Amino acid sequence: MKGLLKGLATTLSTFSRKPVTVEYPDERRVLPVRQRSFPVLTWDFDHDEPFCTGCNVCVRNCPVDCMTATMQDNPKHPEGTSNRRKIVEKFWIDYARCMRCNICVEVCPFEAIVMDNTWEGHERAVFDRRDLHMDIAALLDSSRNGRLDVPFRPQDRIELIERQVKGEEPPEIAFLGARPAARQAQLDRIARGEQAAIQEREPEKPKAGAATAGAAGSAQGEVEILSESKIRAKRMRAEREAKAFVDRGEPVPEEVQAAITKYTNMKPGVPYTEGGAAGGGGGTGELLSGTNPDGSMRYPPGVGDGPKGDPNSAEKVRARRMRAERKFKELQAAGEEIPEDIAKTLYDLGSDLAPGGTIWATLAGSGGGGGAGGGEPLTGTKADGSMRFPPGVGDGPKGDPNSAEKVRARRMRAERKFKELQAAGEEIPEDVAKTLYDLGSDLAPGGAIWATLAGAGGGGGGGGAAVAATAGSSDGGWAPPAGVEVGGKGDPNSLSKLRAKRMRAERKAKEALAAGEAIPTDVLATIQELGGTVPTEA
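To start, this report covers the structure provided alongside it. None of the values given here were measured: they were computed from a predicted structure.

What counts, and at which threshold
Residue indices follow the written sequence of each chain, beginning from 1 at its first position. Local features in this predicted model are restricted to residues of pLDDT 70 or higher, and side-chain atom pairs are both shown and tallied only at a pLDDT of 80 or more, whereas totals for entire chains, interfaces and linings draw on every residue. For side-chain calculations, the full set of non-hydrogen atoms in the structure is used, while hydrogens and water are omitted. The helix count covers DSSP runs of H or I at least four residues long, the strand count covers runs of E at least two residues long, and both are numbered beginning at the N terminus. For each residue, the accessible area found with a 1.4 Å probe, counting protein chains only, is set against the maximum for its type, and the residue is called buried under 20%, exposed over 50%, and partly exposed in between. Nonpolar cores were defined as sets of buried Ala, Val, Leu, Ile, Met, Phe, Trp, Tyr and Cys residues, with membership established by side-chain atoms within 4.5 Å. In this analysis, two residues are considered to be in contact whenever any of their non-hydrogen atoms come within 4.5 Å of each other. Paired strands, as defined in this entry, are two strands with at least two bridges between them according to DSSP. Orientation is described by lines fitted to C-alpha atoms, with helices fitted over the stretch in contact, and by angles between N-to-C directions that extend from 0 to 180 degrees. Salt bridges are identified by distance alone: a Lys or Arg side-chain nitrogen within 4 Å of an Asp or Glu carboxyl oxygen. Expected helix span is given by 1.5 Å per residue-to-residue step, counting one fewer step than there are residues. In this description, one arc is meant: the one made by directions from the helix axis to the C-beta atoms.

## With respect to the overall build of the protein chain
- What the protein chain contains, in helices and strands, is 19 helices and nine strands.
- The proportion of buried residues among the 538 residues of the protein chain is 37%.

## Some thoughts on the nonpolar core
- Judged by nonpolar contacts, the single largest core of 35 residues is most densely connected at Leu41, Met67, Phe91, Ile93, Tyr95, Ile113 and Leu139.
- For this core, the elements supplying multiple residues, two or more each, are strand E1 (39-41), helix H2 (57-61), strand E4 (67-73), strand E5 (86-94), helix H4 (103-107), strand E6 (113-115) and helix H6 (136-144).
- Residues in contact with tyrosine 95, not counting those within four places in the same chain, are Phe38, Pro39, Val40, Arg124, Leu132, Met134 and Leu139.
- Core analysis: the next-biggest nonpolar cluster, separate from the first, contains 13 residues, Ala414, Tyr437, Ala444 and Trp450 among them.

## Topic: the environment of leucine 524
- Looking at the secondary structure, you find leucine 524 in helix H19 (residues 521-529).
- Leucine 524 sits 18 residues away from glutamate 506 along the chain, and the two C-alpha atoms are 8.4 Å apart.
- Dropping the residues within four chain positions of it, leucine 524 is found in contact with Ile519 and Val534.

## Looking at the sheet that holds strand E7 (residues 133-134)
- Here we have three strands laid out as an open sheet, ordered E4-E5-E7, and antiparallel in their pairing. Both outer strands of the open sheet, E4 and E7, are each paired with one neighbouring strand and no more.
- Here E5 runs beside E7; their pairing, made up of two bridges, is antiparallel. Residue pairing in the sheet places aspartate 94 in a bridge with histidine 133 of E7.
- On the sheet, H6 packs against E5 and E7 and is oriented at approximately 100° with respect to E5.

## Side note on the pattern of salt bridges
- Inspection of the entire model under this criterion finds 20 salt bridges.
- For glutamate 250, the salt bridge is made with arginine 248, and the minimal N-O distance between the two is 3.4 Å.
- With relative accessibility at 37%, the residue glutamate 250 sits in the partly exposed group.
- Put simply, lysine 434 and aspartate 438 hold a salt bridge, and the shortest N to O gap is 2.7 Å. Of this pair, lysine 434 and aspartate 438 are both found in helix H16 (residues 430-438), four residues apart, which corresponds to roughly one turn of the helix.

## Structural notes on helix H12 (residues 314-333)
- Along its 20 residues, H12 runs 28 Å from first to last C-alpha, staying within 8% of the 28 Å computed at 1.5 Å per residue.
- Listed in full, the buried residues belonging to H12 are Val317, Arg321, Ala324, Glu325, Phe328 and Leu331. Along the axis of H12, the buried residues cluster in a sector spanning 130°; they form a single face. Facing away from the buried side of H12 by over 90 degrees, the exposed positions are Lys329 and Ala333.
- Close packing links the buried residues of H12 with helix H13 (340-348).
- Just past H12, the residue glycine 335 takes up positive phi, approximately 70°.

Quick look at the structure:
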């Protein structure tokens, strides 16, 4: 009986207690600063962009591989409103896999990621796990809109406590550009009619493009000269934009299509005007050197075009060439002999310091390093009648795809296909034209690689002027009449397409005569315009 009364007394005492429960979600307790949920990205209000540069440090250290990031050039850097040369392009986190271990926050060198310490970070219940795949817009949303009042990084709290125990001054506050004060300062700038980002320095002046041959450059607009990596990046960006329009079922804008065409046809270090005509390998006919007009290194064909990480990648080739040039200068200053391996490296990688002559002089046939000699321009055929390949092509071991036997077979197949299509008056496909050019065939539409390397205006298949046919040409050395504008490779007015148009018109004229009919007026006009031969009999 006594125990029963004690139990009742305990039960009755709860009537006078203040309730400790909270009516969630109508009422929420204030979360402590040290609370952490899922990682989110922070927004830099001082520069109006994410803190993240896409460096992938967090991605590499994530123990469950729930993160992915990509990097791009920062457009705000040339404008002078940011000191970040690179910026994040895309970022994904799979919250369904994330275990909130905080490692990504600890290793980030740019204060770009924090653990969400708000209720919003907790309330992630969904019916489909795929809805927990967060992209960059979702990851930046809470910080960018001011809901992340106190960005939290556990290491900061630990350092603060350690200094308090030692009686030292507290550490400097982290995430200054992501805090409410920085956001308010940005809003104040906008209210005053200023730009959202702080102007760090004067905008960079655009690089002046080199002038093209004659007055063509000034007549066709500003000249653009880019390195291979820049061309590739711009082309891929334009292709992604086009794909986004196609995925949405929208027509691809003309400017996006024009960008794809432009950067597909553009050659590294070769002037490209707004009119779409690519200049020749040397522009005004001067010999090429180991430096592009934009100041970047120029490599011989087949050198420096491997994927990133490959021994033949542009980065590793550049490093090898710079080491060889540095060693060459040291030995030259000391009056010592240049070793054979260094001389070979300088020559093979296109350095202007190569002892005894550069590879560019060899390719131009000026006798600088064992070329054709006598100033005679190189062609795809050696003096003994065998095939000549560009540097780096056909020098692989037997059985390798780059062996002389397999390269010769590919080139012969491409030349046979070219002649068949040419005889039928059909257009030369892009892959066939590229194979002919890359493997050094004299049949390459628009000009051979030898003319490009010699700086004779070949333009790598995209030159503005027609290149005279070689002895191996099956078209009798045809070239458009004066006054007919010839566009770059892939252009509707390119040399190969004009030739195909002329041959189709001549074939139609013959068919009309064979049928006992008069040649149509438009067909006759096309033949006369392109300098073709009007048939007199079927």
